[in-house]
Every structure is written in C-alpha cells, then in structure tokens.
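Spelled out from the first residue to the last, the chains are:
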Amino acid sequence: MIVMNVVKPLGMVTFCLALLLLFLCACSPTTSNQTTATHACTGSSSATGATAVEDHFAKAVFHAINEARASHGLTPLSWCPALANSARHHDLAMKQAGLLSHQLDGEAELGDRETQQGVSWTWAGENIGENSDLSVNGALELHQAMMSEQPPDDGHRQNILSGDFKVVGVDVLLDQHHGLLWLTEDFAQLASA
C-alpha cells in the first residue's frame, strides 16, 4: 500500500492537502532482495548530494518525527539512507519542475522510486512540503504543520504516527533559484521486517 500527502505552508502556514491511496501488490522478496533491503536501510548517511546544512535540516526533521512518535507511545522509526536518496531524487525533480507534486511527468511512482534505491517494501508512504523559509525553522514548521492536522484531513500526521512504517528517509533541498525549501519524507515497512 502507498500513502502520499502534501503540505504547502506559505507565510502564516496555510494548508493545501492531497491524499492519494494506491494499492499495489507486493511480491515476496527473494533472499538477495531481503539482503539488499536490509543493507539499504542500515547506517546514518545523508542523502547523496545533500549539503551539510541540508543534512542537518533533514536530521532535525527526523528527530522531530521520532519525538512525535514517542509522545504518542510509538517506537521510533529507523533512518534509512536508501529512502533518504529516494527523497532526494524527488526533491530534485520538484525543484527542476518548480512544482510540489508526488509524481512529476516522466518520474516513477513512489513505490518504484523506493525499489530503485534498493528498498524491498510492503508498505510505502510519502509526505512532501515546501516553505519559503529556508532555515531549519522552515523545515520544522512543515513538520509542525503536519502534526497539527485534524481528522479527516490528517494524512501527513497519520503517516508520521503509523505503526505500519518502520523506516524513514528525510531530505531537505534548499532551492535558492525558487526561494523554496523542499521537504520529502519517504516511509516504508521493509518486506523482510
């Protein structure tokens, strides 16, 4: 199953949400795919190509996600470098298009993007957002906006607090050209988990 959500606060945090639920069939992984998935989600490396500042912002959001989960009695998500790379590729695609979207023209769907990075998953989800505040506060403002959502329009919050997800990769891209901070959070439950 894939769950995707968008948040786009501008200025004083206004919300524009889209919730897409797509059901995909997950094939049973082979032993080599399980090894790849496990290896792809070990370590704490940042997304390939991210600057030290962007990595710092992404890790701040990652810690905020786990703090939110802890405050709701949930286990923390593990950092997955392969998902951070998946998120990075998506942030770069949004920057190039100048458009906040879960799938851009010519881009693979979320599940395929995660698989291309070596992640064998049974559940996948994504939160995306943009902010004109290009600081760590701008990244954390997006997180806070997601956590402040109320049912039934709380898809970002549901992804963050989902018991179905076990790993996450977060990427922040600072786009000086458009004056935007792009944020992508890619979640998964590994097929071997």
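What comes next is a walk through the structure. Source: prediction; values computed, not measured.

## Things to note about the state of the cysteines
Stage number 1. Scanning all chains against the criterion turns up one disulfide.
Stage number 2. The disulfide that involves Cys41 links it to Cys80, with 2.0 Å between the sulfurs. Handedness here is read from the sign of the S-S torsion; for Cys41 and Cys80, about -60 degrees, the answer is left-handed. Here Cys41 is found in the loop between helix H1 (31-40) and helix H2 (52-71), whereas its partner Cys80 is found in the loop between strand S3 (78-79) and helix H3 (81-97), with 39 residues between them in sequence.
Stage number 3. Residue class for Cys41 comes out buried when judged on its relative accessible area of 10%.

## Considerations on the pattern of salt bridges
Side-chain pairs of opposite charge can arise where the charged atoms are in close proximity.
Stage number 1. Evaluated as defined, the whole model comprises six salt bridges.
Stage number 2. For Asp55, the salt bridge identified is with Lys59, shortest N-O distance 3.6 Å. Of this pair, Asp55 and Lys59 are both found in helix H2, four residues apart, which corresponds to roughly one turn of the helix.
Stage number 3. In this structure, a network of salt bridges that share partners links the residues Glu54, Arg88 and Asp171.

The rules behind the values
Residue positions are given per chain, counted from 1 along the sequence in the order it is written. Where totals are concerned, whole chains, interfaces and linings use all residues; where local detail is concerned, this predicted model gives features only for residues with pLDDT of at least 70, and gives and counts side-chain atom pairs only at 80 or more. As a rule here, side-chain values cover all heavy atoms of the structure and leave hydrogens and water aside. Criterion for a disulfide: a pair of cysteine sulfur atoms at a distance within 2.5 Å. Helix and strand labels come from DSSP, where a helix needs a run of H or I of at least four residues and a strand needs a run of E of at least two; each type is numbered from the N terminus. Each residue gets one of three labels from its accessible area relative to the maximum for its type: buried under 20%, exposed over 50%, partly exposed in between, using a 1.4 Å probe on protein chains only. One speaks of a salt bridge when a side-chain nitrogen belonging to Lys or Arg is within 4 Å of a carboxyl oxygen belonging to Asp or Glu.

These results come straight from atomic positions and should not be treated as a statement about function.
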